[in-house]
Protein chains: 2
Amino acid sequence: MATTRVSVEVTVREAREDDCEGIATLIQELADYEKMPTGPKIGAETLRKDGFGPEKMFRCFVADDNANLVGYALYFFNYSTWEGVNVYLEDLYVTPSHRQQGVGVRLWKAVAKVAVERNCNRLDWVVLGWNKSSVEFYEAKGAVNLTQDEDWNLFRLTGDNLKAFALSC
Amino acid sequence: MATTRVSVEVTVREAREDDCEGIATLIQELADYEKMPTGPKIGAETLRKDGFGPEKMFRCFVADDNANLVGYALYFFNYSTWEGVNVYLEDLYVTPSHRQQGVGVRLWKAVAKVAVERNCNRLDWVVLGWNKSSVEFYEAKGAVNLTQDEDWNLFRLTGDNLKAFALSC
């Protein structure tokens, strides 16, 4: 039986509060893809509070096919003591059925435009090194791997170790 | 001629707006130490605007010996789609004359306390891999190297490449 791929119009737009259920579903899909399915500990309610409450801890673009969300790019403003305000792309994800149609580039570009409009010189993010298709996708647009080029390593203090350190004398 | 190290009381406290000149001096010292002396492009005026204006893009603790600032820890809140609000430590630096006296640990701990008080599960930062003394300092307190353990690589799109991508059709 032959299958036909139906091309559906996908809109990239700023996320609204009522997108949070859909975003939470995509966050879980991305974690599954990254082989860390138990990673996500927060859900739509926390996303609503943190993204759409009085203090905006993140911002987000979504890709919408008029029925479901099929991708998202979640970002926030970070700070460099060399260059001031910059943008950090926390997640960029497109659901498998909608890949290879330019949706990921459009989401990524929406975030890059925010950076340029705010006069930021940098857009930063992290990638799993084994994820060669993502690495190639980013490098094709001129992104550089600062871990490889300058030996930057990501460190984390977490959970009980963080508490023990913070509360030690 | 014998030299005597005079032990001076060092206070760790939240940065004030009038600390920005001193912080900018230490930012340049850190860049020199990191072998990237031309890195810093912003000065005290930008730090005042971004840290002490209506929108706080960063927060900072300083170590003060009652004459000069001798160290600083600059941080901001970042966002994880797995765990919500967390803390990112952008810079931790102590001037050479005041090292080996616990000042760096006190600054770092002040930031860790902010994270715990805000119910954050993570404190993140990056370290140059060749900087073995820093790597050991952090690992001794239970920090993990996520680049080594999970293969996370830091990517960046910057300057003309960022603009070209954002404005491309």
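Just so you know, these numbers come straight off a predicted model, no measurement behind them. (Residues numbered from 1 in each chain as written. Chains lettered and ligands numbered in written order. Predicted model: local features only at pLDDT ≥ 70, side-chain atom pairs only at ≥ 80, totals over all residues. Heavy atoms only, no water.)

With that settled, consider the domain arrangement of chain A. How large an interface is tends to be reported as the accessible area lost when its parts come together. Residue and element names in this part refer to chain A. For chain A, the assigned domains are domain 1 (11–125) and domain 2 (129–169). For domain 1 and domain 2, the distance between their C-alpha centroids amounts to 18 Å. Contacts between the two partners involve eight residues from domain 1 and, on the opposite side, seven residues from domain 2. Both faces combined, the contact of domain 1 with domain 2 buries some 690 Å², and carbon together with sulfur accounts for 76% of it. For the domain 1 face of the interface with domain 2, the top three residues by lost area are Tyr33, Trp108 and Trp125, together amounting to 58%. For the pair domain 1 and domain 2, the number of links is zero salt bridges. Applying the counting rule to domain 1 against domain 2 returns one residue pair in polar contact (both at pLDDT 80 or more). No other element matches the three residues that helix α3 (residues 103–117) contributes to the side of domain 1 that touches domain 2. Partitioning the side of domain 1 that touches domain 2 into residue classes produces five nonpolar, one polar and two charged. (Domains from an automatic or database assignment. Contact = heavy atoms within 4.5 Å. Buried area = accessible area lost by both parts, 1.4 Å probe. Salt bridge = Lys/Arg side-chain N within 4 Å of Asp/Glu carboxyl O. Polar contact = N/O pair within 3.5 Å; in protein donor to acceptor, adjacent residues only side chain to side chain. Helix = DSSP H or I, 4+ residues; strand = E, 2+ residues; numbered from the N terminus. Nonpolar A, V, L, I, M, F, W, Y, C, P; charged D, E, K, R; others polar.)

This part covers the pairing of strand β2 (residues 59–64) of chain B. All names here are of chain B. β2 sits mainly inside the fold: five of its six residues count as buried. Direction of pairing for β2 relative to strand β3 (residues 69–80): antiparallel, over a ladder of six bridges. Looking at the pairing, Ala63 lines up with Gly71 of β3. Taken together, β2 and the strand that follows it, β3, pair antiparallel across an intervening segment of four residues, in which Asn66 is found at a positive phi of about 80 degrees. (Buried < 20%, exposed > 50% of the residue type's maximum accessible area, 1.4 Å probe, protein only. Pairing = 2+ DSSP bridges.)

Looking now at the sheet that holds strand β5 (residues 122–128) of chain B. Whether parallel or antiparallel, the strands of a sheet pair through hydrogen bonds between backbone atoms. With mixed pairing, seven strands are arranged side by side in an open sheet as β1(B)-β2(B)-β3(B)-β4(B)-β5(B)-β7(A)-β6(B). Both edges of this open sheet fall to β1 (11–14) and β6 (144–145) of chain B, since each of them pairs with a single strand only. Of the strands in this sheet, β7 (152–158) of chain A together with β1, β2, β3, β4 (84–94) and β5 of chain B touch helix α3 (residues 103–117) of chain B, which is tilted by about 165 degrees from β4 of chain B. (Axes fitted to C-alpha atoms, helices over the stretch in contact; angles between N-to-C directions.)

With six of seven residues buried, β5 of chain B lies mostly within the body of the structure. Alignment of β7 of chain A against β5 of chain B, held across seven bridges, turns out to be antiparallel. Paired with Arg156 of chain A across the strands is Asp124 of chain B, a residue of β5 of chain B. As a crossover connection, the stretch from β4 of chain B through α3 of chain B into β5 of chain B is right-handed. (Right-handed = clockwise from strand over helix to strand, strands pointing away.)

Structural alignment of chain B on chain A gives an RMSD of 0.0 Å, achieved by rotating through 180 degrees and translating 0.0 Å along the axis. In the structure described here, the two chain copies are related by an operation that fits a two-fold rotation axis. The residues that chain B uses at the interface reappear at the interface of chain A in 100% of cases, marking a shared surface. (Least-squares fit on C-alpha atoms with pLDDT ≥ 70 in both.)

Every contact between the two is made by 74 residues of chain B and, on the other side, 74 residues of chain A. Carbon and sulfur atoms supply 62% of the area buried between chain B and chain A, which totals about 7100 Å² over both sides. Per-residue buried area on chain B facing chain A is highest for Tyr79, Trp82 and Phe155 of chain B; these three make up 14% of the total on that side. Seen at the junction of chain B and chain A, the total is four salt bridges. In this structure, Arg118 of chain B and Glu55 of chain A form a salt bridge, with 3.4 Å as the shortest nitrogen-oxygen distance. Here chain B is connected to chain A by 38 residue pairs in polar contact (both at pLDDT 80 or more). For the side of chain B that touches chain A, the per-class residue count stands at 39 nonpolar, 16 polar and 19 charged.

Turning next to the layout of surface pockets. The volume enclosed by the second largest pocket comes to roughly 370 Å³. Taken together, 15 residues make up the lining of the second largest pocket; nearest its centre are Glu55, Lys56 and Met57 of chain A together with Lys56 and Met57 of chain B. (1 Å grid on protein atoms, 1.4 Å probe; cavity = no way out; pocket = protein on both sides within 12 Å on 5 of 7 lines; lining within 4 Å. Points joined across faces, edges and corners; volume = space filled by probe spheres on them.)

Predicted confidence across chain A gives a mean pLDDT of 94, with 95% of residues reaching 70 or more. Scored as a complex, the prediction yields pTM 0.93 and ipTM 0.92. (pLDDT = per-residue confidence, 0-100.)

Residue and element names in this part refer to chain A. Positive phi outside glycine occurs at Asn66, with the angle close to 80 degrees. Following the sequence through the fold, Asn66 ends up in the loop between β2 (59–64) and β3 (69–80). With a relative accessible area of 67%, Asn66 lands in the exposed category.

Counted by the stated rule, this structure contains 15 salt bridges over all chains. Arg13 of chain A serves as the salt-bridge partner of Asp64 of chain A, at 2.9 Å between the closest nitrogen and oxygen. With a gap of 51 residues between them, Asp64 of chain A in strand β2 and Arg13 of chain A in strand β1 (residues 11–14) connect regions that are remote in the sequence. The same class applies to Asp64 of chain A and to Arg13 of chain A, which are both buried. With a closest N to O distance of 2.6 Å, Asp124 of chain B and Arg156 of chain A form a salt bridge. Residue Asp124 of chain B is found in strand β5, and its partner Arg156 of chain A is found in strand β7; the two belong to separate chains. Both residues of the pair, Asp124 of chain B and Arg156 of chain A, belong to the buried class.

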